[in-house]
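Now for the letters of each chain:
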Amino acid sequence: MNTDEHTSGIERLLWKKAPVPTLRCLPDGKCLDANDAAVDFFGIDLETIKQSHIGSLAASSEEKPLKAFLEEAALKSIAQHPLAVSFQCGNASVRHALLTVRAIDFNHDTSGVNSDLVIQILPQSSEPRSSDFLSGTFLSDAHDAIIMLDPAGLVQYWNPGATRMFGWEEQELLGQRINQYAFAETPDIDKLFETLPQKGQWFGELGAQCKSGKPKTIEARFNLLSCKTGEEKRILGIISDVTEKRALEECYVRSQRLESLSTLAAGVAHDLNNVFTPITMAVELLRSVELPKEELEDLLATVDTSIQRGADIIKQLVAFGKGAEGQSIVFQPKHIVREVISIAQKTFPQGIEVRSDVLREQWVIRGDQIQFHQMLMNLLLNARDAMPEGGRIDVRTNNVTIDEHYPSSDPNPGRYIKITIEDNGEGMDEAVREKIFEPFFTTRPVGKGAGLGLTNVLGIVKSFDGFVQCESEKGQGARFHVFIPAVIEKKADEPVYSPSEQQGHGETVLIVDDEGAVRDTTQKLLNQNGYKTLKAVDGVDAVSVYGRNQDQIKVVVTDLKMPNMDGISLVRILRNMNPDLPILVVSGHPDEHDLEVLKPCSSIHLLEKPHKSQDLLHWVHHLLHHKELQA
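As the structure is a prediction and not an experimental result, all values here were calculated from the model.

Draft legend 1. Structural detail: the packing of aromatic side chains. Evaluated as defined, the whole model comprises 11 aromatic pairs. Note on Phe42 and Phe87: the rings are 5.3 Å apart at their centroids and 90° apart in plane angle, and the pair reads as edge-to-face. With Phe42 in helix H2 (residues 36–42) and Phe87 in strand E3 (residues 83–88), the pair connects residues that are 45 residues apart, well separated along the chain. Summarising the aromatic geometry, the rings of Trp168 and Tyr181 are spaced 5.6 Å apart at their centres and angled 90° between planes, so their arrangement reads as edge-to-face. Here Trp168, found in the loop between helix H7 (160–166) and helix H8 (170–173), pairs with Tyr181, found in the loop between H8 and helix H9 (189–199); they are 13 residues apart in sequence, far enough to count as distant. Joined through ring pairs, the aromatic side chains of Phe41, Phe42 and Phe87 make up one cluster.

Right under this line is the structure:
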């Protein structure tokens, strides 16, 4: 026997006879080996353990946090904190333990990809008490916040890590309700603790606050710990501060958003030219040729469609560039899919062919259209970058129904739209494929990307309650499948107003806008429909005109963004002069502050530009009618 074999034999003996129950597992939790103490702990033979997954040995409610725990250890080579787990052992008993995990390379692979997980099991009594393991130096020195609560949320233990994180000393919070301190500004925190006894555990991200009032973003794991019969259970909380991490990610996401915006610019310019061209040609035709009524109606319909299309593009650009959160609405995704494909076809290198197969009868989804647009663009950019020498990208959409037999742990059963983006580029091996959604992971050279494109994709898809699957092999290209839940909800039909809702009876309307063309067109529209009108070029002029004609003016129609005095300031002054004055505010893209100011005011409506004539007439009539009802 040589020296290496002798040393290996000694190590094997030490492993088998170690007093701490220990498992050796694959990164996915499949058991490879167990020492004698682990066999005694589980009460089943070694061969049965080796044919098991650690998740199948744990109580059913523990599988999800256990899976996340192992993933963290595999990615970081060590779990940052222990996990409390209950196991179903061979004699049908339940045993409680704290797990610690470390990834160890047994094959001397410097990449770390082939590392196995060594899981140490620290058995706990059925009555975890602060006088036992909570007072140990391990928890006192832990970087994370480790707390113990009773079922009502009263603090029973508060380690120094919690003091460093939140600012409160242990003596300040013992016996106090934590919801009124660290989670005082956290919505639904009471509901979380109310449902914990039924679920047994909770893992996720929360907003919290320090003693100083400074907000924090935390990642928390709460486990319900069993005690002796007749005694109340306790809640163990292990909390990590991810505030700086999330802020850094947001910074890079914004940078990546602007990078994507610059890529879109050429395609958007092309689309806007396509919007303006039919409008320009229509104007020339209307000036030079007398058209039959049917052709005239068709021409005007084309102009109307082009204007709406241009307005949609501008709204998307404003929201996308600002990083603003859009509205969560029900929308038809196929239009955005086609738009993104069109932009890619116009802007990607000539050596890359972008093909599409978009379902005509696509189900609708609910969410933020801007984020959906960005998610698709990021996937196409990712496919483009995988083909530096050129290639092909295929984009396909389908409607799919997923049941409980679907081969994945991600989805809930139901109806989904499925978007597949496939390229024939470089592809990925398993090691890269497992890391592609990690923040800042990238295979690009330094300076060629922040490594957040696919992280952003995953975050957006999750915000839609969907999931992403990736299939790829080295040299065989990649296929990304995005699944987003469909909704059984139809978009509301465009409102139809009766003629009486659009006609005035001689009431005077003050029109305020710094754009002469808008003022004149609005004046002609109102005059043709039974109203009298006065005009002002900005807020200062409007105050003067209203002061001279206060008894006559019944409604004010004002723009929001104007020089000298903007619409918000004008609204405040006019409301001081006449608190009951109806005001119709017209704006292309109001910001959050504008909306907050306008929201609490009665007899005020915000109408977005561009708008149809019938919408403006309807709201002028409605505000007048509303005032009469109030009187």
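Draft legend 2. Representation of helix H16 (residues 516–528) within the structure. With 13 residues, H16 extends 18 Å between its outermost C-alpha atoms, agreeing within 8% with the 18 Å of an ideal straight helix rising 1.5 Å per residue. Within H16, burial applies to Arg519, Thr522, Leu525 and Leu526. Considered in projection along H16, the buried side chains sweep an arc of 135° and stay on one side of the axis. With respect to the buried face of H16, the exposed residues turned more than 90 degrees away are Ala517, Thr521, Lys524 and Gln528. Gly530 sits one or two residues past H16 and shows a positive phi near 95°.

Draft legend 3. How the structure looks around helix H18 (residues 567–577). Turning to H18, its buried residues are Gly567, Ile568, Leu570, Val571, Leu574 and Arg575. One side of H18 carries all its buried residues, which in axial view fall inside an arc of 160°.

Draft legend 4. Geometry of the nonpolar core. In terms of nonpolar packing, the biggest core is built from 40 residues, with Phe348, Phe372, Met375, Ile393 and Phe480 touching the most fellow members. Only helix H12 (333–347), strand E12 (352–357), helix H13 (369–385), strand E14 (391–402), strand E15 (414–423), helix H15 (453–463), strand E16 (467–472) and strand E17 (478–485) provide two or more residues apiece to this core. The contacts of Phe348, once residues within four sequence positions are left out, are Val354, Met377, Leu380, Leu381, Arg384 and Ile393. Listed in part, the 27 residues of the second largest apolar core include Cys25, Leu70, Val85 and Leu99.

Draft legend 5. Seen up close, the packing of helix H17 (residues 539–548) against H18. Following both chains from N to C, one finds H17 and H18 inclined at 15°, their axes separated by 10 Å at the closest point. With respect to their mutual orientation, H17 and H18 come out roughly parallel. Crossing of H17 against H18: the hand is right-handed. Here H17 contributes Gly539, Ala542, Val543, Tyr546 and Gly547 to the contact with H18, which in turn contributes Leu570, Ile573, Leu574 and Met577. Among the residues forming the contact of H17 with H18, the class breakdown is seven nonpolar, two polar and no charged.

Draft legend 6. Focus on the sheet that holds strand E10 (residues 234–241). Spatial ordering of the open sheet is given by E7-E6-E10-E9-E8, a layout of five strands whose pairing is antiparallel. Here the strands that pair on one side only, and so sit at the sheet edges, are strand E7 (155–158) and strand E8 (201–209). In this sheet, neighbouring strand axes are inclined to one another by 25° on average, regardless of whether the strands run parallel or antiparallel. Bridge count between E8 and strand E9 (residues 215–225): nine bridges; the pairing is antiparallel. Considered in E9, the bridge of Glu205 is made with Glu219. In the packing of H9 onto the sheet, the strands contacted are strand E6 (145–149), E8, E9 and E10, and the crossing angle to E8 comes to about 165°.

Draft legend 7. Seen up close, the state of the cysteines. This structure, assessed with the given rule, holds zero disulfides. The thiol sulfur of Cys31 is not disulfide-bonded, and the nearest other cysteine sulfur, from Cys25, lies at 3.9 Å.

Draft legend 8. Looking closely at the sheet that holds strand E4 (residues 94–104). In spatial order, the strands read E2-E1-E5-E4-E3; together these five strands make up an open sheet with antiparallel pairing. In the strand order of this sheet, the two ends are held by strand E2 (31–34) and E3, each with one partner. Averaged over all neighbouring strand pairs, the angle between strand axes comes to 35°, with direction disregarded. Sheet contacts for helix H5 (residues 63–76): E3, E4 and strand E5 (116–124); angle to E4, the most-contacted strand, approximately 25°.

Draft legend 9. Molecular detail of a negative patch on the surface. Together, Glu294, Glu295, Glu297 and Asp298 line one region of the surface with negative charge. Secondary-structure assignment places Glu294 in helix H11 (residues 293–322).

Draft legend 10. Representation of the side chain of Asp394 within the structure. Residue placement: Asp394 occurs in strand E14. Overall, the relative accessible area of 11% leaves Asp394 in the buried class. A distance of 2.7 Å separates the side chain of Asp394 from the side chain of Arg355, its partner in a polar contact. In terms of polar contacts, Asp394 uses its side chain to reach the side chain of Arg392, at 2.9 Å. When neighbours within four sequence positions are excluded, Asp394 is seen to be in contact with Arg355, Thr420, Ile421 and Glu422.

What counts, and at which threshold
- Residues numbered from 1 in each chain as written.
- Predicted model: local features only at pLDDT ≥ 70, side-chain atom pairs only at ≥ 80, totals over all residues.
- Heavy atoms only, no water.
- Phe/Tyr/Trp six-rings, centres within 6.5 Å; stacked < 30°, edge-to-face > 60°.
- Helix = DSSP H or I, 4+ residues; strand = E, 2+ residues; numbered from the N terminus.
- Expected span 1.5 Å × (residues − 1).
- Buried < 20%, exposed > 50% of the residue type's maximum accessible area, 1.4 Å probe, protein only.
- Arc of directions from axis to C-beta.
- Core = buried A, V, L, I, M, F, W, Y, C linked by side-chain atoms within 4.5 Å.
- Contact = heavy atoms within 4.5 Å.
- Axes fitted to C-alpha atoms, helices over the stretch in contact; angles between N-to-C directions.
- Parallel < 35°, antiparallel > 145°, perpendicular 65-115°, else oblique.
- Left-handed = near helix turned anticlockwise from the far one by under 90°.
- Nonpolar A, V, L, I, M, F, W, Y, C, P; charged D, E, K, R; others polar.
- Pairing = 2+ DSSP bridges.
- Disulfide = S-S within 2.5 Å.
- Patch = residues over 30% accessible without salt bridge, like charges linked within 9 Å, V, L, I, M, F, W, Y side chains within 5 Å.
- Areas by Shrake-Rupley, 256 points an atom, 1.4 Å probe, with all protein chains shown as cover.
- Salt bridge = Lys/Arg side-chain N within 4 Å of Asp/Glu carboxyl O.
- Lys, Arg positive; Asp, Glu negative; His and termini not counted.
- Charge placed at Lys NZ, Arg CZ, Asp CG, Glu CD.
- Polar contact = N/O pair within 3.5 Å; in protein donor to acceptor, adjacent residues only side chain to side chain.

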